[in-house]
Amino acid sequence: MAAALPIVHVFACSGRFASREALQAYLAPSCTDDGDALPSPFMLETGLTDYEPACMESAMLASPVPLAQLLDGVSYGDSWLAQACADAQGMLADTGVCVFAPNQLAHPRRSSLRHVGSYPYRVED
C-alpha cells in the first residue's frame, strides 16, 4: 500500500503587504521578552501545527502577476503548480505563500489570505 503523498497549501494575495518584513511578521512566530514563543497571525488563523519554518516558502513581487509567474521555481512545483494555477482562475497576485508538510493546517480557509487550494506533491528521490 502506497503512503499518502504530502500536502502543500497555497495562498495568494495582492496589495496586502508593504514589505517582505511585513509578510514575515504575518507568517513567522515572534517571542516575548522572556523568550516565550508567540504564534503569528497566520498560525492563529489557519491552526498551523508541527511548525517547520524551512517548509514554508513565500514569494513577493512589486506588482501582481499570474500565479505561475509568482511561484516560478517553488519546491516540487512540477507535481502541483499547474493544478493550483487552474484553480486560481486567472487571479493576479503579488504575494504567494506555500506551506509544505510536516506543517499541518487545521483550517486553511480561515486565513485572511486567499487559500488557492491544497495539493498532494511528489518528493523526488
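Computed from a predicted model, the values in this text were never measured in an experiment. (Residues numbered from 1 in each chain as written. Predicted model: local features only at pLDDT ≥ 70, side-chain atom pairs only at ≥ 80, totals over all residues. Heavy atoms only, no water.)

Asks: Teacher, can you tell me more about the overall build of the protein chain here?
Replies: The secondary structure content of the protein chain amounts to four helices and eight strands. Moving toward the C terminus, one meets the helices and strands of the protein chain in the order β-α-β-β-α-β-β-α-α-β-β-β. Rg of the C-alpha trace for the protein chain: 15 Å, near the compact-globule value of 14 Å for 125 residues, within the 12% margin. Here the C-alpha coordinates of the protein chain stretch approximately 45 × 45 × 25 Å along the principal axes. Within the protein chain, residue pairs in contact and separated by at least 24 positions form 77% of the contacts whose partners lie at least 6 positions apart. With 6 positive and 14 negative side-chain charges, the protein chain shows a separation of 11 Å between the mean positions of the two kinds. (Helix = DSSP H or I, 4+ residues; strand = E, 2+ residues; numbered from the N terminus. Rg over C-alpha atoms; globule rule 2.2 N^0.38 Å. Contact = heavy atoms within 4.5 Å. Lys, Arg positive; Asp, Glu negative; His and termini not counted. Charge placed at Lys NZ, Arg CZ, Asp CG, Glu CD.)

Asks: Whenever I open this one, the environment of Ser-30 confuses me. Can you help?
Replies: In this fold, Ser-30 is placed in strand β2 (residues 30-31). The sequence separation of Ser-30 and Ser-40 amounts to 10 residues, and the corresponding C-alpha distance is 6.7 Å. Leaving out residues up to four positions away in the same chain, Ser-30 has contacts with Asp-36, Ala-37 and Leu-38.

Asks: It is not clear to me how the side chain of His-9 should be interpreted in this structure. Could you clarify?
Replies: The topology assignment puts His-9 in strand β1 (residues 7-13). With residues near it in sequence (within four places) discarded, His-9 still touches Val-97, Cys-98, Val-99, Leu-105, Pro-108, His-115, Gly-117 and Ser-118.

Asks: Please explain the environment of His-107 as it appears in this structure.
Replies: In this fold, His-107 is placed in the loop between β7 (104-105) and β8 (114-120). Residues His-107 and Thr-46 lie 61 residues apart in sequence; the distance between their C-alpha atoms is 4.9 Å. Every residue in contact with His-107, bar those within four places of it in the chain, is listed here: Leu-44, Glu-45, Thr-46 and Gly-47. Here Glu-45 takes part through its backbone oxygen, which lies 3.0 Å from a polar atom of the side chain of His-107. (Polar contact = N/O pair within 3.5 Å; in protein donor to acceptor, adjacent residues only side chain to side chain.)

Asks: Honestly, the packing of aromatic side chains in this entry has me stumped. Any pointers?
Replies: Each aromatic ring pair is specified by the distance between its two centres and by the angle formed by the two planes. Scanning the model with the defined rule gives eight aromatic pairs in all. Consider the rings of Tyr-26 and Phe-42, whose centres lie 5.7 Å apart with planes at 65 degrees: the pair is edge-to-face. Remark: Phe-42 occurs in helix α2 (residues 41-46) and Tyr-26 occurs in helix α1 (residues 20-27); sequence separation between them is 16 residues. Here Tyr-26 matches Phe-42 in class, with each residue buried. Across from the ring centre of Tyr-26, 4.5 Å away, lies the NZ or CZ of Arg-16, which sits over that ring. (Phe/Tyr/Trp six-rings, centres within 6.5 Å; stacked < 30°, edge-to-face > 60°. Buried < 20%, exposed > 50% of the residue type's maximum accessible area, 1.4 Å probe, protein only. Lys NZ or Arg CZ within 6 Å of the ring centre and 35° of its normal.)

Asks: I would appreciate a short explanation of the sheet that holds strand β6 (residues 92-100) in the present structure.
Replies: Whenever strands of a sheet pair, they do so through backbone hydrogen bonds, lying parallel or antiparallel. The strand order β5-β6-β1-β8 describes an open sheet built from four strands, whose pairing is antiparallel. Strand pairing shows two members of the sheet lacking a second neighbour, β5 (56-66) and β8, which therefore form its edges. Put simply, the sheet's adjacent strands are angled 20 degrees from each other on average, direction ignored. The sheet contact formed by β5 and β6 spans seven bridges and is antiparallel. Opposite Met-56, over in β6, you have Val-99 as the bridge partner. With respect to the sheet, α1 is in contact with β5 and β6, its orientation differing from that of β5 by roughly 140 degrees. (Pairing = 2+ DSSP bridges. Axes fitted to C-alpha atoms, helices over the stretch in contact; angles between N-to-C directions.)

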